[in-house]
Amino acid sequence: MTARDVMSNGIAYCRDDEETDEAVHIMEKRKIRRLPVINKNKRLVGLLGLGDVAAKSSESLTTEVLKAVSAHHK
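This structure is a prediction, so every number in the text was calculated from the model and none was measured. The residue numbers shown here count from 1 along each chain, following its written sequence. It should be noted that, the model being predicted, local features are given only for residues of pLDDT at least 70 and side-chain atom pairs only at 80 or more, the latter also being counted only at that level, while totals for whole chains, interfaces and linings use all residues. To obtain the side-chain values, all non-hydrogen atoms of the structure were used and water was disregarded.

Helix and strand content of the chain: four helices and three strands. For the chain, the α and β elements follow one another from N to C terminus as α-β-α-β-β-α-α. For the chain, the spread of C-alpha atoms along the three principal axes comes to 40 × 35 × 15 Å. Contact definition: two residues touch when any of their heavy atoms are within 4.5 Å. Long-range pairs, those at least 24 residues apart, make up 33% of the contacts in the chain between residues at least 6 apart in sequence. Each accessible area is a Shrake-Rupley result for a 1.4 Å probe, and residues are judged covered by the shown protein chains and nothing else. Here the chain displays about 5,700 Å² of accessible surface, and carbon together with sulfur accounts for 50% of that area. Between the averaged position of the 13 positive side-chain charges in the chain and that of its 11 negative side-chain charges there is a distance of 7 Å. By the criteria applied, helices consist of DSSP H or I runs no shorter than four residues and strands consist of E runs no shorter than two, each listed in order from the N terminus. We treat Lys and Arg as the positive residues and Asp and Glu as the negative residues; His and chain ends play no part in the count. To locate a charge, the coordinates of NZ of Lys, CZ of Arg, CG of Asp or CD of Glu are taken.

See below:
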């Protein structure tokens, strides 16, 4: 089995100059826990995870994204 066999379809990402709320919306919509971050040259510059959101954002935003992303794991 390869990574391609088990990976999600489509590529979800955010740009490094996007607001956190926009990135969180992508994570909620796609129900993903980690989101690649690219720069204006479309180069990977980082990875935004739920832990990053929890450490730097409001409690309400963290709760919102955690519930949305975790819902499909039940």
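Right, picking up where we left off after that structure.
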